[in-house]
2 protein chains.
Amino acid sequence: MEEPPGQTVVAESDGVIAGSAKMGPNRPGRGSHVATASFLVDPARQGQGTGRALGEYVLDWCRREGFTSIQFNAVVESNAPAVHLWQSLGFRIIGTVPESFDHPRHGLVGMHVMFRYL
Amino acid sequence: MEEPPGQTVVAESDGVIAGSAKMGPNRPGRGSHVATASFLVDPARQGQGTGRALGEYVLDWCRREGFTSIQFNAVVESNAPAVHLWQSLGFRIIGTVPESFDHPRHGLVGMHVMFRYL
(Lines give C-alpha, C1' and ligand atoms only; values in the text may rest on other atoms or scores of the structure.)
Protein backbone atom coordinates (compact mmCIF):
# COMPACT_ATOMS: atom_id res chain seq x y z
CA MET A 1 0.00 0.00 0.00
CA GLU A 2 1.29 3.41 -1.00
CA GLU A 3 1.94 5.63 2.03
CA PRO A 4 0.70 9.26 2.19
CA PRO A 5 1.15 11.59 0.34
CA GLY A 6 0.39 8.80 -2.14
CA GLN A 7 -2.54 6.41 -2.02
CA THR A 8 -3.79 3.06 -3.29
CA VAL A 9 -7.29 2.55 -4.73
CA VAL A 10 -9.25 -0.40 -6.09
CA ALA A 11 -11.72 -0.62 -8.96
CA GLU A 12 -14.83 -2.58 -8.03
CA SER A 13 -17.26 -4.27 -10.42
CA ASP A 14 -20.31 -6.17 -9.11
CA GLY A 15 -18.72 -6.28 -5.66
CA VAL A 16 -15.50 -7.84 -6.95
CA ILE A 17 -12.12 -6.11 -7.12
CA ALA A 18 -11.24 -5.83 -10.82
CA GLY A 19 -8.01 -3.89 -10.46
CA SER A 20 -5.99 -1.46 -8.41
CA ALA A 21 -3.73 1.54 -8.77
CA LYS A 22 -1.19 3.22 -6.56
CA MET A 23 -0.06 6.79 -7.07
CA GLY A 24 2.09 9.45 -5.48
CA PRO A 25 5.19 11.58 -6.07
CA ASN A 26 7.70 10.01 -8.46
CA ARG A 27 10.62 11.38 -6.43
CA PRO A 28 11.07 13.14 -3.11
CA GLY A 29 12.22 16.71 -2.67
CA ARG A 30 12.89 18.72 -5.80
CA GLY A 31 11.19 16.16 -8.05
CA SER A 32 8.05 15.79 -5.96
CA HIS A 33 5.86 17.93 -8.26
CA VAL A 34 5.88 15.02 -10.76
CA ALA A 35 3.51 12.16 -9.97
CA THR A 36 3.79 8.50 -10.86
CA ALA A 37 1.40 5.58 -10.69
CA SER A 38 1.23 1.85 -11.31
CA PHE A 39 -1.70 -0.39 -12.14
CA LEU A 40 -2.92 -3.95 -11.82
CA VAL A 41 -5.95 -5.37 -13.62
CA ASP A 42 -7.38 -8.86 -13.06
CA PRO A 43 -6.35 -10.82 -16.19
CA ALA A 44 -9.89 -12.23 -16.37
CA ARG A 45 -11.19 -8.66 -16.75
CA GLN A 46 -8.83 -7.24 -19.36
CA GLY A 47 -10.48 -5.11 -22.03
CA GLN A 48 -13.46 -4.08 -19.92
CA GLY A 49 -12.35 -0.52 -19.18
CA THR A 50 -10.90 -1.12 -15.72
CA GLY A 51 -7.48 0.29 -16.65
CA ARG A 52 -9.06 3.34 -18.25
CA ALA A 53 -11.27 3.99 -15.23
CA LEU A 54 -8.26 3.72 -12.92
CA GLY A 55 -6.16 5.91 -15.22
CA GLU A 56 -8.80 8.63 -15.33
CA TYR A 57 -9.12 8.49 -11.55
CA VAL A 58 -5.35 8.85 -11.18
CA LEU A 59 -5.22 11.88 -13.48
CA ASP A 60 -8.01 13.57 -11.52
CA TRP A 61 -6.37 12.77 -8.21
CA CYS A 62 -3.00 14.08 -9.36
CA ARG A 63 -4.54 17.36 -10.51
CA ARG A 64 -6.42 17.76 -7.22
CA GLU A 65 -3.19 17.11 -5.29
CA GLY A 66 -1.39 19.83 -7.26
CA PHE A 67 1.05 17.73 -9.29
CA THR A 68 2.08 19.48 -12.51
CA SER A 69 2.84 16.34 -14.54
CA ILE A 70 2.86 12.56 -14.31
CA GLN A 71 5.44 10.04 -15.43
CA PHE A 72 5.26 6.27 -15.86
CA ASN A 73 8.73 4.79 -15.50
CA ALA A 74 8.31 1.35 -17.01
CA VAL A 75 5.55 0.58 -19.52
CA VAL A 76 6.38 -2.73 -21.23
CA GLU A 77 6.52 -1.94 -24.96
CA SER A 78 4.98 -5.26 -26.01
CA ASN A 79 1.88 -4.46 -23.93
CA ALA A 80 0.18 -2.65 -26.81
CA PRO A 81 -3.19 -2.22 -25.05
CA ALA A 82 -1.48 -0.43 -22.13
CA VAL A 83 0.65 1.76 -24.41
CA HIS A 84 -2.41 2.73 -26.46
CA LEU A 85 -4.51 3.35 -23.36
CA TRP A 86 -1.94 5.76 -21.92
CA GLN A 87 -1.53 7.50 -25.28
CA SER A 88 -5.31 7.92 -25.49
CA LEU A 89 -5.15 9.54 -22.04
CA GLY A 90 -2.62 12.08 -23.26
CA PHE A 91 0.69 10.40 -22.42
CA ARG A 92 3.60 10.40 -24.84
CA ILE A 93 6.66 8.18 -24.96
CA ILE A 94 9.73 10.06 -23.68
CA GLY A 95 12.09 7.20 -24.48
CA THR A 96 12.47 3.43 -24.37
CA VAL A 97 15.04 1.55 -22.32
CA PRO A 98 16.01 -1.38 -24.56
CA GLU A 99 15.75 -5.01 -23.42
CA SER A 100 14.88 -3.95 -19.90
CA PHE A 101 12.01 -6.41 -19.28
CA ASP A 102 12.39 -10.18 -19.52
CA HIS A 103 8.96 -11.08 -20.88
CA PRO A 104 7.84 -14.68 -20.22
CA ARG A 105 6.71 -15.10 -23.86
CA HIS A 106 8.46 -12.42 -25.90
CA GLY A 107 11.88 -12.48 -24.23
CA LEU A 108 13.73 -9.21 -23.73
CA VAL A 109 11.59 -6.22 -24.63
CA GLY A 110 11.98 -2.51 -23.92
CA MET A 111 10.17 -0.41 -21.36
CA HIS A 112 8.84 3.04 -22.17
CA VAL A 113 9.05 6.11 -19.99
CA MET A 114 5.72 7.86 -20.59
CA PHE A 115 4.74 11.37 -19.53
CA ARG A 116 2.08 14.03 -19.68
CA TYR A 117 1.52 17.48 -18.23
CA LEU A 118 -1.54 17.88 -16.02
CA MET B 1 22.66 2.16 2.64
CA GLU B 2 21.72 -0.04 -0.28
CA GLU B 3 20.70 -3.54 0.82
CA PRO B 4 22.08 -6.68 -0.89
CA PRO B 5 22.06 -7.54 -3.76
CA GLY B 6 23.07 -3.89 -4.11
CA GLN B 7 25.80 -2.13 -2.19
CA THR B 8 27.07 1.29 -1.13
CA VAL B 9 30.71 2.36 -1.46
CA VAL B 10 32.70 5.47 -0.58
CA ALA B 11 35.60 7.16 -2.40
CA GLU B 12 38.42 8.10 -0.05
CA SER B 13 41.09 10.72 -0.65
CA ASP B 14 43.81 11.40 1.97
CA GLY B 15 41.70 9.64 4.57
CA VAL B 16 38.63 11.80 3.91
CA ILE B 17 35.41 10.63 2.24
CA ALA B 18 35.16 12.51 -1.06
CA GLY B 19 32.02 10.87 -2.38
CA SER B 20 29.82 7.81 -2.39
CA ALA B 21 27.81 5.63 -4.74
CA LYS B 22 25.04 3.13 -4.29
CA MET B 23 24.17 0.53 -6.88
CA GLY B 24 21.94 -2.47 -7.44
CA PRO B 25 19.08 -3.73 -9.62
CA ASN B 26 16.90 -0.97 -11.05
CA ARG B 27 13.78 -3.11 -10.64
CA PRO B 28 12.89 -6.40 -9.01
CA GLY B 29 11.87 -9.55 -10.85
CA ARG B 30 11.80 -9.40 -14.64
CA GLY B 31 13.70 -6.13 -14.74
CA SER B 32 16.46 -7.14 -12.34
CA HIS B 33 19.08 -7.70 -15.06
CA VAL B 34 19.31 -3.90 -15.46
CA ALA B 35 21.39 -2.09 -12.84
CA THR B 36 21.06 1.44 -11.55
CA ALA B 37 23.26 3.63 -9.39
CA SER B 38 23.32 7.04 -7.75
CA PHE B 39 26.23 9.22 -6.70
CA LEU B 40 27.18 11.93 -4.24
CA VAL B 41 30.40 13.97 -4.43
CA ASP B 42 31.53 16.46 -1.78
CA PRO B 43 30.90 19.88 -3.38
CA ALA B 44 34.36 21.00 -2.17
CA ARG B 45 35.88 18.21 -4.28
CA GLN B 46 34.04 18.61 -7.57
CA GLY B 47 36.19 18.27 -10.68
CA GLN B 48 38.86 16.08 -9.08
CA GLY B 49 37.85 12.78 -10.65
CA THR B 50 35.83 11.40 -7.75
CA GLY B 51 32.68 10.92 -9.83
CA ARG B 52 34.65 9.24 -12.60
CA ALA B 53 36.38 6.88 -10.17
CA LEU B 54 33.04 5.96 -8.61
CA GLY B 55 31.45 5.53 -12.05
CA GLU B 56 34.20 3.22 -13.25
CA TYR B 57 33.91 1.20 -10.06
CA VAL B 58 30.14 0.88 -10.55
CA LEU B 59 30.52 -0.33 -14.15
CA ASP B 60 33.06 -2.96 -13.07
CA TRP B 61 30.89 -4.08 -10.17
CA CYS B 62 27.79 -4.35 -12.38
CA ARG B 63 29.65 -6.48 -14.93
CA ARG B 64 31.00 -8.75 -12.19
CA GLU B 65 27.51 -9.16 -10.76
CA GLY B 66 26.16 -10.19 -14.17
CA PHE B 67 23.98 -7.20 -15.03
CA THR B 68 23.56 -6.78 -18.78
CA SER B 69 22.97 -3.01 -18.79
CA ILE B 70 22.73 -0.02 -16.49
CA GLN B 71 20.24 2.82 -16.37
CA PHE B 72 20.30 6.17 -14.58
CA ASN B 73 16.75 7.35 -14.00
CA ALA B 74 17.23 11.02 -13.21
CA VAL B 75 20.32 12.93 -14.40
CA VAL B 76 19.59 16.65 -14.05
CA GLU B 77 20.08 18.11 -17.54
CA SER B 78 21.59 21.37 -16.29
CA ASN B 79 24.38 19.40 -14.56
CA ALA B 80 26.60 19.42 -17.65
CA PRO B 81 29.66 17.92 -15.92
CA ALA B 82 27.61 14.89 -14.84
CA VAL B 83 25.96 14.46 -18.25
CA HIS B 84 29.35 14.66 -19.98
CA LEU B 85 30.97 12.31 -17.49
CA TRP B 86 28.33 9.65 -18.07
CA GLN B 87 28.53 10.12 -21.83
CA SER B 88 32.31 9.69 -21.66
CA LEU B 89 31.71 6.44 -19.79
CA GLY B 90 29.51 5.15 -22.60
CA PHE B 91 26.04 6.23 -21.51
CA ARG B 92 23.57 7.72 -23.93
CA ILE B 93 20.45 9.76 -23.27
CA ILE B 94 17.30 7.66 -23.76
CA GLY B 95 14.97 10.59 -23.19
CA THR B 96 14.40 13.65 -21.04
CA VAL B 97 11.45 14.16 -18.72
CA PRO B 98 10.70 17.89 -19.04
CA GLU B 99 10.59 20.23 -16.05
CA SER B 100 10.94 17.33 -13.63
CA PHE B 101 13.56 18.87 -11.29
CA ASP B 102 13.04 22.13 -9.42
CA HIS B 103 16.59 23.47 -9.48
CA PRO B 104 17.40 26.03 -6.75
CA ARG B 105 19.07 28.37 -9.28
CA HIS B 106 17.81 27.37 -12.73
CA GLY B 107 14.17 26.66 -11.89
CA LEU B 108 12.42 23.77 -13.60
CA VAL B 109 14.83 21.70 -15.69
CA GLY B 110 14.51 18.27 -17.26
CA MET B 111 16.00 15.00 -16.06
CA HIS B 112 17.61 12.55 -18.45
CA VAL B 113 17.20 8.80 -18.44
CA MET B 114 20.68 7.52 -19.39
CA PHE B 115 21.65 3.98 -20.36
CA ARG B 116 24.43 1.75 -21.55
CA TYR B 117 24.89 -1.93 -22.21
CA LEU B 118 27.61 -3.66 -20.15
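Within any chain, residue numbers begin from 1 and follow the written order of that chain's sequence. Just so you know, chain letters begin at A and ligand numbers begin at 1, following the order they were written in. Thresholds applied to this predicted model are a pLDDT of at least 70 for local features of residues and 80 or more for the giving and counting of side-chain atom pairs; totals over whole chains, interfaces and linings are not thresholded and use all residues. Hydrogens and water molecules were not included; the side-chain quantities draw on all heavy atoms of the structure.

1. Description of unusual backbone geometry
Residue and element names in this part refer to chain A. The line we're drawing: Segments assigned H or I by DSSP are reported as helices when at least four residues long, segments assigned E as strands when at least two residues long, and all are numbered from the N terminus.
Following Pro 4, the chain continues to Pro 5 via a peptide bond in cis, the omega torsion being 15°. In this structure, Pro 5 sits in the segment before β1 (7-13). One non-glycine residue, Glu 99, lies in positive phi territory at about 55°. Mapped onto the elements, Glu 99 comes out in strand β5 (residues 92-103).

2. Digging into the pairing of strand β6 (residues 107-117) of chain B
Residues and elements named next belong to chain B. To be explicit about the condition: Burial status follows relative accessibility: with a 1.4 Å probe on protein chains alone, a residue under 20% of its type maximum counts as buried, one over 50% as exposed, and anything between as partly exposed. Here, a strand pair is defined by DSSP locating no fewer than two bridges between the strands.
Most of β6 is tucked away: eight of the 11 residues are buried. Examined bridge by bridge, strand β4 (residues 69-76) and β6 share six bridges and lie antiparallel to one another. Residue Ile 70 lies in a different strand from β6, and its bridge partner there is Arg 116. Both strand β5 (residues 92-103) and β6 contribute to a ladder of eight bridges, which runs antiparallel. Looking at β6, one finds that His 103 is bridged to Gly 107. Between β5 and β6, which pair antiparallel one after the other, the connecting turn spans three residues.

3. Thoughts on the packing of aromatic side chains
To be explicit about the condition: Two rings belonging to Phe, Tyr or Trp (six-membered ring only in the last case) form a pair when the distance between their centres is within 6.5 Å. Interplanar angles under 30 degrees mark stacking, angles over 60 mark edge-to-face geometry, and anything in between is tilted.
Here the structure, examined in full by the defined rule, presents 14 aromatic pairs over all chains. Geometrically, the ring pair formed by Phe 39 of chain A and Trp 86 of chain A is tilted, given 4.6 Å between the ring centres and 40° between the ring planes. Residue Phe 39 of chain A is located in strand β3 (residues 34-41), and its partner Trp 86 of chain A is located in helix α2 (residues 80-88); the two are separated by 47 residues in the primary sequence. By relative accessible area, Phe 39 of chain A is classed as partly exposed at 22%. A centroid spacing of 4.9 Å and a plane angle of 65° characterise the contact between Phe 72 of chain B and Trp 86 of chain B, whose relative ring orientation is edge-to-face. Here Phe 72 of chain B is found in strand β4, whereas its partner Trp 86 of chain B is found in helix α2 (residues 80-88), with 14 residues between them in sequence. Across this residue pair, the class does not change: Phe 72 of chain B and Trp 86 of chain B are buried. The structure contains a cluster of three or more aromatic residues connected by ring pairs, namely Phe 39, Phe 72, Trp 86 and Phe 91 of chain A.

4. Here's the deal with the sheet that holds strand β4 (residues 69-76) of chain A
Residue and element names in this part refer to chain A. Heads up, the rule is: For helices, the axis comes from a line fit to the C-alpha atoms of the stretch in contact; other axes are also lines fit to C-alpha atoms, and the angle between any two N-to-C directions lies between 0 and 180 degrees. Note on definitions: a residue-residue contact is assigned when non-hydrogen atoms from the two residues lie within 4.5 Å.
Within the open sheet, the six strands sit side by side as β1-β2-β3-β4-β6-β5. Their pairing is mixed. Both outer strands of the open sheet, β1 and β5, are each paired with one neighbouring strand and no more. Pairs of neighbouring strands in the sheet enclose a mean axial angle of 25°, with direction left out of account. Lying on the sheet, helix α1 (residues 50-64) is in contact with β1, β2 (16-25), β3, β4 and β6 (107-117); it crosses β2 at an angle near 30°.

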